[in-house]
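Coordinates in review
Residue strings, one per chain:
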Amino acid sequence: MTDRPTAWPCLAMMLPGLLAPGAAGLALQDTSQAVAEFPDFVPVGRFGVLDGDSTLMFGRLSGLAVDVERGIVFLVDELAHKLSAITNEGEFLTWGGGRGQGPGELIGPKAVEVSGSEVHVLDAWNHRVTRYEMGPATLGYTGQTRLPTSGGWEFCLFDGDYLILKYELTLGGRTIHRFDRAGDVKSSFGVPFLEGDAAMLNLTDVGLLACDPANRRIYAASTAVPRVHGYSGDGTLLWITELPGVEGAVIERTATGVKWSLPEGKSTFGSVVTLSILLQGHLLVQYEEQEWEQGVGYGPEVGSFLIDAASGAILAVSEYGELPRISTFGGGYAYGAVAAPVPEVRVYEWRERRRQ
């Protein structure tokens, strides 16, 4: 659910979903054999305002995580360069960060994760992960991990380590890298989103990452390429699932550079925008149709796929606009950050359904 601050990363959102079928491990699923249904989502709240309380006025919500035990939602705002802590009911508690390169400061934070009382922020433009401790009503800076990569757009926690999604030629041309808290690389893995062209790979490192340490699984998806990759905890590729019907923008290399265009006969292109883990071993993957002139939209209207996390099989498909945009799940609630008509977080109660 990450909006991007510069034109270059935004171009990455418009890359095509044109990887040739038949790649090793590809699992093209017959969606007519769906065996599950999407959860019911009941709206119960929202926070984010256009005017009024400035603590709830957001610029660009680029990351969201939930402390289930304390009922706190943590948000990183890419334009305001800060981390906010807000209750499930929408009550503002405190904030940390502020633009800068000093201890505890941030520049365009991309993502946030929670582990106990510790909050981890991917401070990509400062090439680090910044840590805070959440007290009763305060966020205090506790330390940072310098990253040897050039940043990253998405990360998650796995057994106390950081998994960063970023194509990095210097780390074997891989797209996923595991760092310890000292910033040392423990492993690099991941199938490139576009194989065979380093220039194009650098444009397709904008993506989504989800970790499930309990089940020893890691999941990744590019925003530009309509495929989801499933890995074991050691980085072994388990499956690749293509998202049928999601058609990205078309990119062609020419003698003078790169040519971008809409899919033939279409006025919009598709971009994968969410990847989240549900209970019962399911993944929710959503995509957005974007207008060419508007670029990244981040509106509430999405199409959805329910995927079996173990096999990559597509279990159910929801048409565009039938389900709300969901960023993460926690404690019986689902949370989705949108940018239109105003940057805000929408909260839903949810329950999983099964076909009779």
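This text gives an overview of the structure that appears in the document.

This brings us to the overall build of the protein chain. Across its full length, the protein chain carries 2 helices and 26 strands. Here the protein chain holds 356 residues, and the buried ones make up 58% of them. Across the protein chain, the fraction of contacts at a sequence separation of at least 24, relative to all contacts at a separation of at least 6, is 51%. Counting only carbon and sulfur atoms, one obtains 50% of the accessible surface of the protein chain, whose full area is about 14,300 Å².

Our next topic: the sheet that holds strand β21 (residues 282-291). Within a beta sheet, neighbouring strands are joined by backbone hydrogen bonds and run either parallel or antiparallel to one another. Read across the open sheet, the 4 strands follow the order β20-β21-β22-β23; overall the sheet is antiparallel. Strand pairing shows two members of the sheet lacking a second neighbour, β20 (268-277) and β23 (314-324), which therefore form its edges. Strand after strand, the sheet turns through a mean of 20° between neighbouring axes, direction not considered.

A separate point is the pairing of strand β7 (residues 118-123). Among the 6 residues of β7, 6 are classified as buried, and the element is accordingly described as predominantly covered. Burial along β7 is two-sided: the face carrying Glu 118, His 120 and Leu 122 and the face carrying Val 119, Val 121 and Asp 123 are both buried. With 5 bridges joining them, strand β6 (residues 111-115) and β7 adopt antiparallel strand pairing. Counted as the bridge partner of Ser 115 is Glu 118 from β7.

By the definition in use, this model includes 1 disulfide. At a sulfur-sulfur separation of 1.8 Å, the disulfide partner of Cys 156 is Cys 211. Residue Cys 156 is located in strand β10 (residues 154-158), and its partner Cys 211 is located in strand β14 (residues 207-212); the two are separated by 55 residues in the primary sequence. The same class applies to Cys 156 as to Cys 211, namely buried.

Our next topic: the pairing of strand β8 (residues 128-134). Of all 7 residues in β8, 6 are buried, a share of seventy percent or more. Bridge count between β7 and β8: 6 bridges; the pairing is antiparallel. Directly across from Glu 118, in β8, lies its bridge partner Glu 133. Hairpin geometry of β7 and β8 is characterised by an intervening segment of 4 residues between the two adjacent antiparallel strands and by a positive phi of about 60° at His 127.

Across the junction of Ala 340 and Pro 341, the peptide omega takes the value 0°, indicating a cis bond. Checked against the element boundaries, Pro 341 lands in the loop between β25 (333-338) and β26 (344-351). Even without glycine at this site, His 127 takes up a positive phi of about 60°. Positionally, His 127 belongs in the loop between β7 and β8. Given a relative accessible area of 29%, His 127 falls into the partly exposed group. Despite not being glycine, Asp 159 shows a phi value in the positive range, around 55°. Structurally, Asp 159 is set in the loop between β10 and β11 (161-168).

With that settled, the discussion passes to the sheet that holds β11. As summarised here, the arrangement of the 4 strands in space is β10-β11-β12-β13, forming an open sheet in which the pairing is antiparallel. The open sheet has two free edges, formed respectively by β10 and β13 (185-189), since each of these has just one partner strand. Sheet twist, expressed as the mean angle between neighbouring strand axes with direction ignored, is 25°. Where β11 lies against strand β12 (residues 174-179), 5 bridges are found, and the strand directions are antiparallel. Counterpart to Leu 165 in the pairing with β12 is Ile 176.

Turning next to the pattern of salt bridges. This structure, assessed with the given rule, holds 14 salt bridges. Across the salt bridge formed by Arg 128 and Asp 123, the nearest N and O atoms sit 3.0 Å from each other. You can call Arg 128 buried: its relative accessible area is 2%. Of the residues examined, Asp 123 reaches a relative accessible area of 0% and is grouped as buried. The partner of Glu 242 in a salt bridge is Arg 227, and the shortest N-O contact between them spans 3.5 Å. In this pair, Glu 242 sits in strand β17 (residues 237-242) while Arg 227 sits in strand β16 (residues 227-232), placing the two residues 15 residues apart along the sequence.

The rules we used
- Residues numbered from 1 in each chain as written.
- Predicted model: local features only at pLDDT ≥ 70, side-chain atom pairs only at ≥ 80, totals over all residues.
- Heavy atoms only, no water.
- Helix = DSSP H or I, 4+ residues; strand = E, 2+ residues; numbered from the N terminus.
- Buried < 20%, exposed > 50% of the residue type's maximum accessible area, 1.4 Å probe, protein only.
- Contact = heavy atoms within 4.5 Å.
- Areas by Shrake-Rupley, 256 points an atom, 1.4 Å probe, with all protein chains shown as cover.
- Pairing = 2+ DSSP bridges.
- Axes fitted to C-alpha atoms, helices over the stretch in contact; angles between N-to-C directions.
- Disulfide = S-S within 2.5 Å.
- Salt bridge = Lys/Arg side-chain N within 4 Å of Asp/Glu carboxyl O.

Shape is all these values report; function is a separate question.
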